[in-house]
Amino acid sequence: MRNDPLRNFRFRLEIGGISEAHFSDCTGFDIQTDAIDYREGDEPTHVRKLPGLNKFGNVTLKRGITASMDLYKWHKDVVAGKIHRETVAIVVLDEEGKDKARFQITDAWPIKYHPMDLNAKGNDVAIETLELVNEGVERTA
């Protein structure tokens, strides 16, 4: 059985109670651990590297704008001081459409909403952008 790499254009998102989560672009779900330089006075003349804080990148989601107001309302709640965190799953699919890789984004909430850019001369799809902060990224499958 072949084990080909997965394609980056076959994915879906699951966002808490939001069912209309079809996106054309999903970026930024990275994990980083800071390194801390440490050296005691009686050690050799080089520093040791110790693990520091873990950081999780902001997830940026883009999709063609639709009549659905779910993502806008989620951000509007944040603006009003009612932050509700959601679990977001990014699921990568194989050629047959079966789930093959799953990334769990925990305690996510929107910090930026950009409805679209408009241009009367163009014919592009209007793209809605939502940026999420989070407190964890884990590959679960």
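Residues numbered from 1 in each chain as written. Predicted model: local features only at pLDDT ≥ 70, side-chain atom pairs only at ≥ 80, totals over all residues. Heavy atoms only, no water.

(A) Representation of the side chain of His75 within the structure. By the element assignment, His75 lies in helix H1 (residues 70–79). According to the relative accessible area criterion, His75 is buried, its value standing at 15%. Not counting the four nearest positions on each side in its chain, His75 is found in contact with Pro110, Ile111, Lys112, Tyr113 and Leu130. (Helix = DSSP H or I, 4+ residues; strand = E, 2+ residues; numbered from the N terminus. Buried < 20%, exposed > 50% of the residue type's maximum accessible area, 1.4 Å probe, protein only. Contact = heavy atoms within 4.5 Å.)

(B) Fine view of the layout of surface pockets. Roughly 390 Å³ of internal volume is contained in the largest pocket. Taken together, 13 residues form the lining of the largest pocket, with Arg2, Asp4, Leu6, Asp94 and Lys100 sitting closest to its centre. In terms of residue class, the lining of the largest pocket is made up of four nonpolar, one polar and eight charged. (1 Å grid on protein atoms, 1.4 Å probe; cavity = no way out; pocket = protein on both sides within 12 Å on 5 of 7 lines; lining within 4 Å. Points joined across faces, edges and corners; volume = space filled by probe spheres on them. Nonpolar A, V, L, I, M, F, W, Y, C, P; charged D, E, K, R; others polar.)

(C) Just the pattern of salt bridges, in detail. Under the definition given, this model contains eight salt bridges. With its nearest N and O atoms 2.5 Å apart, the salt bridge here joins Lys49 to Asp37. Residue Lys49 is found in strand E4 (residues 48–56), and its partner Asp37 is found in strand E3 (residues 31–38); the two are separated by 12 residues along the sequence. Note that Glu128 and Arg63 form a salt bridge whose closest N and O atoms lie 2.8 Å from each other. Within this pair, whereas Glu128 is found in strand E8 (residues 127–133), its partner Arg63 is found in strand E5 (residues 59–64), the two being separated by 65 residues in sequence. Here the residues in one salt-bridge network are Arg12, Glu14, Asp99 and Arg102, joined through shared partners. (Salt bridge = Lys/Arg side-chain N within 4 Å of Asp/Glu carboxyl O.)

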